[in-house]
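# A structural walkthrough
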Amino acid sequence: MSLSDPLGDMLTRIRNGQLRRKDSVLMPASRFRGNVLDVLHREGYIRGFKKIELENHKNNFQIELKYVDGEPVIKEISRISTPGRRVYSKIGDLQRNFDGLGISILSTSKGVLSDSEARDENVGGEILCKVF
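Along every chain, residues carry numbers that run from 1 in the direction the sequence is written. Given that this is a predicted model, residues contribute local features only at a pLDDT of at least 70 and side-chain atom pairs are listed and counted only at 80 or more, while totals for whole chains, interfaces and linings are drawn from all residues. As a convention, hydrogens and water are excluded, and side-chain values are obtained from all of the structure's heavy atoms.

Quick look at helix H2 (residues 31–42) now. Working definition: helices are DSSP H or I runs of at least four residues, strands are E runs of at least two. Numbering for both runs from the N terminus. Between the first and last residue of a helix there are one fewer steps than residues, each counted as 1.5 Å, and that sum is the expected span. Across its twelve residues, H2 extends 16 Å between first and last C-alpha, which sits within 8% of the 16 Å expected from 1.5 Å per residue. Among the residues making up H2, those that are buried are Arg33, Gly34, Val36, Leu37, Val39 and Leu40. Under the scheme applied here, a residue whose accessible area is under 20% of the maximum for its type counts as buried, over 50% as exposed, and between as partly exposed, the area being computed with a 1.4 Å probe on protein chains only.

This is the structure in structure tokens:
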């Protein structure tokens, strides 16, 4: 099956898994998805993820979702740049999410970074999604 928006699919699977109070969710693995998951893990929005191989020799990510007192850590996760509408931002024009409580995930020339890491590196790029 071919997906036109694999990142949007991943975000939806995370959102749906947390709505159903799942401990973990499975999704097809790719390097780009792994980079985004690495940012979510560094920022503390998920407990972790690992690559597993299913019986049909396909690699998948198993993402361990994070909860605090029974409530999901991720309150809102939304896709900003879509395949039909790309959104780019200079580092000076990048706005803070929820007064600095949330993060934006950017695809930059230095890799996939959170907005605070992009400010430290002084690079802008494509705004992939926002997480709160």
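Following the structure, the description resumes.
Strand pairs in the sheet, formed through backbone hydrogen bonds, run parallel or antiparallel to each other. One open sheet holds the three strands; their spatial order is S1-S3-S2, and the pairing between them is antiparallel. Only two strands of the sheet have a single partner each, and these edge strands are strand S1 (24–28) and strand S2 (46–53). Neighbour-to-neighbour, the strand axes of the sheet open up by a mean angle of 25°, direction not taken into account. By the bridge criterion, five bridges tie S1 to strand S3 (residues 59–65) in an arrangement that is antiparallel. Paired with Leu26 across the bridge in S3 is Gln62. Docked against the sheet, helix H1 (residues 6–19) engages S1 and S3, running at close to 160° with respect to S1. Two residues qualify as a contact provided that any one of their heavy atoms is within 4.5 Å of a heavy atom in the partner residue. Between the N-to-C directions of two axes lies an angle of 0 to 180 degrees, each axis being a line fitted to C-alpha atoms and, for a helix, fitted only over the stretch in contact. Across the sheet, H2 lies against S1, S2 and S3, angled at about 150° from S2, the strand it touches most. A pair of strands is treated as paired once DSSP finds two or more bridges between them.

Any carboxyl oxygen of Asp or Glu that lies within 4 Å of a side-chain nitrogen of Lys or Arg is treated as forming a salt bridge with it. Under the defined criterion, the tally for this structure stands at ten salt bridges. Residues Arg21 and Glu71 are paired through a salt bridge, measuring 3.7 Å at the closest nitrogen-oxygen approach. With Arg21 in the loop between H1 and S1 and Glu71 in strand S5 (residues 71–72), this residue pair connects regions lying 50 residues apart in the sequence. Classification of Arg21 as partly exposed rests on a relative accessible area of 43%. Relative accessible area serves as the criterion here: at 43%, Glu71 is assigned to the partly exposed category. The partner of Asp38 in a salt bridge is Arg42, with the nearest N and O atoms 2.8 Å apart. One end of the pair, Asp38, and the other, Arg42, are both in helix H2, four residues apart, so they sit about a helical turn from each other.

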